[in-house]
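Notes for the structure review
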Amino acid sequence: MGNNQETESKINYTGVLFQQTFIEILQLVRTPLYLFGIFLFPSLIVFFPSTQNSAQLILVFFSALMLLIVSVERLGKRIATERIEGWQKLIQVSPLPPSIFLRAKIIVTLLISISILFLMFIFGKYRWGIDTPLIDWLSLFFCLILGIIPFAIFGIAMGYLFNPKSVDSILGLLIPMALLSCGLPLSDAEWFKIILDFSPFYHYGQLILSSANIKDINSDGNLIFHIAYLLIFSLFFYFLAIWAYKRDQSLS
């Protein structure tokens, strides 16, 4: 009898998550200009000049950048806007658990990220003629999506901690930080290497490079190490997002 109740509880929990995810998707569908803006920027990749040697590097770099913008700025700004418009207050007074709401946001963000990657990979394949085996495409795709999860959780936390204009400013700071700490050989100083170990952008970049197979640019080979660090960042940002959600709920 106890097992049946546990199973029913799990089914209900999954059902609520599915319903909330469906609601989040409906919200996006009802704001076509928002969706148009999300997919317009990645489409500009077709106008980038490239050579056969640089095409894959540009595709990987631009894909990672687009996913960072979607997961931090777009998601964080949307949540901050929903707070101002009062939608978040309706969610917070409902019996919906914070974990389900946050997971639904992450799932929708991943769905958008997957769509963006499909679009950009198609452009890379047929616009630039990048000839890469299917297994390499899948490996790169998986690493890009896996590595963006902690940043999506971070974007949620930023949406509850700051207003929309502040989220824009945070992105303005994050992009240079990402470029400086993504693992490019900018310095051999020991202190710089120590800083890199504490940068989620570095571990994300190394995870991508481990699967991208770009000529003359290789990762350090510590794949498990980078995945473990990204997992730690995910847990930290998740608890930060839960705290920010409850903080906003108490202030409301």
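To be clear, the structure that these remarks concern was listed above.
Keep in mind the model is a prediction, meaning the values are calculated, not measured.

Conventions adopted
Residues numbered from 1 in each chain as written. Predicted model: local features only at pLDDT ≥ 70, side-chain atom pairs only at ≥ 80, totals over all residues. Heavy atoms only, no water. Helix = DSSP H or I, 4+ residues; strand = E, 2+ residues; numbered from the N terminus. Buried < 20%, exposed > 50% of the residue type's maximum accessible area, 1.4 Å probe, protein only. Contact = heavy atoms within 4.5 Å. Areas by Shrake-Rupley, 256 points an atom, 1.4 Å probe, with all protein chains shown as cover. Phe/Tyr/Trp six-rings, centres within 6.5 Å; stacked < 30°, edge-to-face > 60°. Core = buried A, V, L, I, M, F, W, Y, C linked by side-chain atoms within 4.5 Å. Salt bridge = Lys/Arg side-chain N within 4 Å of Asp/Glu carboxyl O. 1 Å grid on protein atoms, 1.4 Å probe; cavity = no way out; pocket = protein on both sides within 12 Å on 5 of 7 lines; lining within 4 Å. Points joined across faces, edges and corners; volume = space filled by probe spheres on them. Expected span 1.5 Å × (residues − 1). Arc of directions from axis to C-beta. Axes fitted to C-alpha atoms, helices over the stretch in contact; angles between N-to-C directions. Parallel < 35°, antiparallel > 145°, perpendicular 65-115°, else oblique. Left-handed = near helix turned anticlockwise from the far one by under 90°. Nonpolar A, V, L, I, M, F, W, Y, C, P; charged D, E, K, R; others polar.

A word on the overall build of the chain. Along its length, the chain carries 10 helices and 0 strands. Reading the helices (α) and strands (β) of the chain from amino to carboxyl end gives α-α-α-α-α-α-α-α-α-α. Taken across its 252 residues, the chain has 44% of its residues classed as buried. Residue pairs at least 24 apart in sequence account for 79% of intrachain contacts in the chain once pairs closer than 6 positions are excluded. Working note: accessible area of the chain is about 13,800 Å², and carbon and sulfur atoms make up 69% of it.

Here we come to the packing of aromatic side chains. Scanning the model with the defined rule gives 13 aromatic pairs in all. Between Phe 101 and Tyr 245, the ring centres sit 5.9 Å apart and the planes meet at 45°, which makes this aromatic pair tilted. Of the two residues, Phe 101 is situated in helix H5 (residues 98-126) and Tyr 245 in helix H10 (residues 223-251); the sequence distance between them amounts to 144 residues. Exposure class is identical for Phe 101 and Tyr 245. Each is buried. Here the aromatic rings of Tyr 160 and Tyr 245 are separated by 5.3 Å at their centres, their planes lie at 75°, and the arrangement is edge-to-face.

This paragraph deals with the nonpolar core. Residues Leu 144 and Tyr 204 are the most contacted members of the largest nonpolar core, which totals 67 residues. Top element by residues in this core is helix H6 (residues 134-161). It accounts for 15 residues. What Leu 144 contacts, discounting residues up to four positions off in sequence, is Ser 63, Ala 64, Leu 67, Leu 117, Phe 121, Tyr 204 and Ile 208.

On to the pattern of salt bridges, then. With the rule as written, the count across this model stands at 4 salt bridges. For Arg 78, the salt bridge is made with Glu 82, and the minimal N-O distance between the two is 3.8 Å. You can see Arg 78 and its partner Glu 82 sitting in helix H3 (residues 55-85), 4 residues apart, about one turn around the helix. Glu 82 matches Arg 78 in its accessibility class, with the two residues each being buried. In the salt-bridge network here, residues are joined through shared partners; they are Glu 24, Arg 78, Glu 82 and Lys 105.

Bringing empty space enclosed by the protein into the picture now. For the structure on display, the rule yields 3 cavities of 30 Å³ or more. Of the pockets and cavities examined, the largest cavity occupies roughly 110 Å³. As for the largest cavity, its lining consists of Glu 24, Leu 28, Tyr 34, Ile 38, Val 70, Arg 74, Leu 75, Arg 78, Lys 105, Val 108, Thr 109 and Ile 112. Listed by contribution, the elements that provide at least two residues to the lining of the largest cavity are helix H1 (2-29), helix H2 (32-43), H3 and H5.

Attention shifts here to the environment of Asp 168. Note on placement: Asp 168 falls in helix H7 (residues 164-181). Asp 168 gets classed as partly exposed once you look at its relative accessible area, which sits at 31%. The spatial distance from the C-alpha of Asp 168 to the C-alpha of Arg 74 is 9.1 Å, given a sequence separation of 94 residues. Once residues within four sequence positions are removed from consideration, Asp 168 is found in contact with Glu 73 and Lys 77.

Quick look at H2 now. In a regular helix each residue adds 1.5 Å, so 12 residues correspond to 16 Å; H2 covers 16 Å between its end C-alpha atoms and thus fits that length. Those residues of H2 lying buried are Tyr 34, Ile 38 and Pro 42. The buried residues of H2 occupy an angular sector of 70° when projected down its axis, which confines them to one face. Opposite the buried face of H2, at more than 90 degrees from it, the exposed residues are Pro 32, Leu 33 and Phe 36.

Interhelical geometry of H3 versus H6 gives an angle of 25° and a closest axis separation of 8 Å. Here H3 is positioned roughly parallel relative to H6, judged by the angle of their axes. Relative to H6, H3 is oriented so that their crossing is right-handed. When its residues are assigned to classes, the contact of H3 with H6 shows 20 nonpolar, 5 polar and 1 charged.

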